[in-house]
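Read off the chains here:
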Amino acid sequence: MTDLLYARAQMGLSLAFHIVFAAAGVALPVLMVLSDWKHRRTGDNDYRKLSEKLAKGTAILFAVGAVSGTVLSFELGLLWPEFMGRYGEVIGLPFSLEGVAFFTEAIFLGIYLYGRERVSPNLHLFSGVMVAVSGAASAFFVTLVNTFMNNPSGFTATPAGPVDVQPLVAMFSPGWQYQTAHVLLSCYQASAFAMAGIHAFILLKHPGAAFHKKALSVALPLACITALLQPLVGDLSAKHVAKAQPVKLAAMEGHFHTEVGAPLLLGGLPDVETRTVPGSIGVPKGLSILAFGDPDAEVKGLNEFPRDTWPPVAKVHVAFQVMVGTGSLMALLALVTLWRRWRGREWPHGRGLMRAWLFAGPLGLVALEAGWLVTEWGRQPWIVRGVMRTSEAVTPVPHLAAPFFTFTAVYLFLGVTVLFVLWRQVAGTLPGAADGKVAHGH
Amino acid sequence: MPIEEVLGFAVAGTFVLYALLGGADFGGGVWDLLALGPRKAEQRALIARAIGPVWEVNHVWLIVGLVLLFSGFPRAFAALSVALHVPLTLLVLGIVFRGTAFTFRAYDTRGDAVERRWGVVFSVASVVAPLLLGMCVGAVASDAIRMQGHAVVSGFFASWLSPFAVSVGVLTLGLFAFLAAVYLTHEAHTPQLAEDFRRRALVTGGLLFPLALAVLLLSKEGAPRVWTGLSQTPFALALHVGTAVAAVVAFALLWTRRFRAARVAAATQAGLIVLGWAVSQAPYLVYPGLTLRSAAASPVVMRLLLVALAVGAVTVVPSMVLLFRVFRPQPPGTASGAQETTAT
């Protein structure tokens, strides 16, 4: 492997790791505040217990997210100094505002976690709301930076770097509204599905556990709403990509040749040598409809673009299929669940449905990671699309294998540890567990 | 004042605040490692309670400083990231292990071997990170980082492993440990614990004098511009006098057990030391090629960054005041065990 590949692998690993914790840091506070609020409304102590458990989970995940986010802000320079040296000033504004949001999030999380006995219930709930709001704001600002890398605007490129910098234009580069909405929804969706999966698992083992039914009733609404909204936002986002980044769309769809009335290819593994997608199933005119809303629209194929500006087609296509596939499964499950909720009087917890939710628990995270891979691989070979290649941005420091393997080992270790520590938190709520007084409700 | 100097001042300000707040949290880890005597467990519990609600907030100052540096002075950020790749990577690992180990220990309390092991990871990382941070500062201050165009030509090790850089690392560690000990005298909820940390503060405070002197002497060879800056300009001399006065006052207040005031004096002393570095460094970010002016972003960027800072201050400062008020130390005897203390 070359140093460029090690640098990309290290950045990718760090982001893939951080994204999970960042998503949880955005969404768990919402779930925590919701259960807190339910406790205040119903007086049911199980909801308070749930919000305390979620707060502990938030604390652990937020801490790991904070330090892995610190790693990333250093890695921007450690791995991509030329990118930062040239474009740091162009993207500094959203990063600075993200810093502000991170500050408020950390402050109010401190008050929420440690201040339950020290501040009034209203201030406590307000702190929780502030954590949720600033978590969303910080994800919003960081996604703006990624939008800039995909659709750079707000400067004039020269060989010496950007001139005529307009930070506010750069901050809201084209497509920002779709990408930020898509990312924020994915954070809520991934976390709500994971939480629902955990409680479905316990309900399968302990069908009577009232505490976990209540927990499910907090997670399921958010999971179902986001799972149904996400395909709509995703569609808008794809339509924007079709216009703004046609080469990325072509790679996502494994679309090699420009075509009028292009078919939508499901599955398959693109082969760039033969320029075909063996193993795929074509839906006639599907791609033209999805990308442009017109069955006879022309969709540009990869053949329109110089070979050295193609993204890794197979990877982008597969990642996109995984994202869309898992997204569709989750939307389907949401529909079934909402139907059952509508027919019954409470959130359903039948065994069949619980098995489905257990299976779907990790899918939100899978879709989140896959979607992020689509946008990152799909932008290659550029770090700032059309302006700076990733290979131009990389650090001249040699032996990048060493930090790559070090961070791989560290993140593997931390990942396993977090799972272990979180599982112990959940295990404490099982019927018969030491602090499981609440497990049976009252 | 030209706008790049205002922004440079803001960057220096975030470093000062990071040293006073985040630095003290690292210092807390040092005292966790060095917990001794019959009240060993109480010392560790006090440190954990003091750091718990605030360490993540205090840590954000580093992120803000970093973001201001790469947005406001992008070329300097790029050069430093290349030249200091190795120590910064190690520093980041230290930050990761400090934070995660502290959190795992706090939220997975079982009083067993696993918890103790997290404690060791937390405290060792708390010693390593300030050392590396100080060594990076030393490397920058010593002008040992050399560039040709955009390329760094001074190698990846020599600059931060020089005797001067290492001495700055040790001084940083000592300063953070001193700050933590002084803060903890005020946080302690029993007179005995306050005494424990008073002794630690007096000893480390005493050690800071010869340490600072060693750094100054090494700078004559290792960082000539700092030496001139620190010993010859009138402003630097005034800073010196201020630092010395604050140090003596902090010592006297500790001696007479006026802990609340001692905190202020110690923070002043540490703040002036960081400021002294910034002043002796100015206007160079990486000597001689990158100055505040030559590395600066476009004026419009810098103006917007200052606006963002102002907006940030409006939301962050009142929130932070609230945080520190909620967790302000209670006088001994007024609070129950679960309700005491926190760090500044």
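Chain B is annotated in an unreviewed UniProt entry as Cytochrome d ubiquinol oxidase subunit II from Corallococcus terminator. Chain B has a UniProt comment under Subcellular location (unreviewed entry) that states "Cell membrane". What the UniProt record of chain B gives under Sequence similarities (unreviewed entry) is the line "Belongs to the cytochrome ubiquinol oxidase subunit 2 family."

Caption draft 1: Expanded view of the overall build of chain A. From N to C terminus, chain A includes 15 helices and eight strands. Rg of the C-alpha trace for chain A: 23 Å, near the compact-globule value of 22 Å for 442 residues, within the 12% margin. Residues classed as buried in chain A amount to 55% of the 442 residues present. Pairs at least 24 apart in sequence give 74% of the contacts found in chain A among residues at least 6 apart.

Caption draft 2: Structural view of the overall build of chain B. Looking only at helices and strands, chain B features twelve helices and four strands. Over its C-alpha atoms chain B spans a radius of gyration of 20 Å, differing by no more than 12% from the 20 Å that the globule rule assigns to 344 residues. Each of the three principal axes of chain B carries a C-alpha extent, and together these read 60 × 40 × 35 Å. Residues classed as buried in chain B amount to 58% of the 344 residues present. Taking all contacts inside chain B whose residues are at least 6 apart in sequence as the whole, residues at least 24 apart take part in 77%.

Caption draft 3: How the structure looks around the nonpolar core. One finds Leu-31 and Ala-219 of chain A together with Cys-136 and Leu-179 of chain B to be the most contacted residues of the largest nonpolar core, which totals 274 residues. Sequence-distant contacts of Leu-31 of chain A, that is, excluding residues within four places in its chain, are made with Leu-54, Met-195, Val-218, Ala-219 and Leu-222 of chain A.

Caption draft 4: Seen up close, unusual backbone geometry. With an omega of 5°, the peptide bond between Gln-380 of chain A and Pro-381 of chain A qualifies as cis. Turning to its location among the elements, Pro-381 of chain A is positioned in the loop between helix H13 (363–379) and strand E7 (382–384). The linkage connecting Ala-282 of chain B with the following residue, Pro-283 of chain B, adopts the cis geometry, with an omega of 0°. Along the chain, Pro-283 of chain B turns up in the loop between helix H11 (259–281) and strand E3 (284–286). At Arg-275 of chain A, a residue that is not glycine, the phi angle is positive and equals roughly 55°. Mapped onto the elements of the fold, Arg-275 of chain A is located in the loop between strand E4 (264–266) and strand E5 (281–283).

Caption draft 5: Quick look at the environment of Ala-244 of chain B. Along the chain, Ala-244 of chain B falls in helix H10 (residues 234–255). For the pair Ala-244 of chain B and Gly-205 of chain B, spaced 39 residues apart in the sequence, the C-alpha separation amounts to 12 Å.

Caption draft 6: The arrangement of the environment of Ile-202 of chain A in detail. Residues and elements named next belong to chain A. Looking at the secondary structure, you find Ile-202 in helix H7 (residues 176–205). The exposure class of Ile-202 is buried, given the 23 C-beta atoms found within 10 Å. Between the alpha carbons of Ile-202 and Ser-328 there is a distance of 25 Å; along the sequence they are 126 residues apart. In contact with Ile-202, not counting residues within four places along its chain, are Ala-209, His-212 and Leu-430.

Caption draft 7: Quick look at the interface of chain A and chain B. Contacts between chain A and chain B engage 53 residues on the former and 55 residues on the latter. Where the side of chain A that touches chain B is concerned, the elements lending two or more residues are helix H2 (45–79), helix H3 (81–87), helix H4 (92–114) and helix H15 (401–427) of chain A. Tallying contributions element by element places H4 of chain A first for the side of chain A that touches chain B, with 17 residues.

Caption draft 8: Just the packing of helix H1 (residues 3–33) of chain B against helix H12 (residues 299–326) of chain B, in detail. Residues and elements named next belong to chain B. Their axes nearest at 10 Å, the elements H1 and H12 cross at an angle of 40°. As far as their axial angle goes, H12 and H1 are oblique. For the crossing formed where H1 meets H12, the hand is left-handed. Facing H1, whose interface residues are Ile-3, Glu-4, Val-6, Leu-7 and Ala-10, H12 presents Pro-299, Met-302, Arg-303, Leu-305, Leu-306 and Leu-309.

Reading guide: rules and limits
- Residues numbered from 1 in each chain as written.
- Chains lettered and ligands numbered in written order.
- Predicted model: local features only at pLDDT ≥ 70, side-chain atom pairs only at ≥ 80, totals over all residues.
- UniProt positions renumbered as here; feature names shortened; annotations may be inferred.
- Helix = DSSP H or I, 4+ residues; strand = E, 2+ residues; numbered from the N terminus.
- Rg over C-alpha atoms; globule rule 2.2 N^0.38 Å.
- Buried ≥ 20, exposed ≤ 12 C-beta atoms within 10 Å, placed from the backbone.
- Contact = placed C-beta atoms within 7 Å.
- Core = buried A, V, L, I, M, F, W, Y, C linked by C-beta atoms within 7 Å.
- Axes fitted to C-alpha atoms, helices over the stretch in contact; angles between N-to-C directions.
- Parallel < 35°, antiparallel > 145°, perpendicular 65-115°, else oblique.
- Left-handed = near helix turned anticlockwise from the far one by under 90°.

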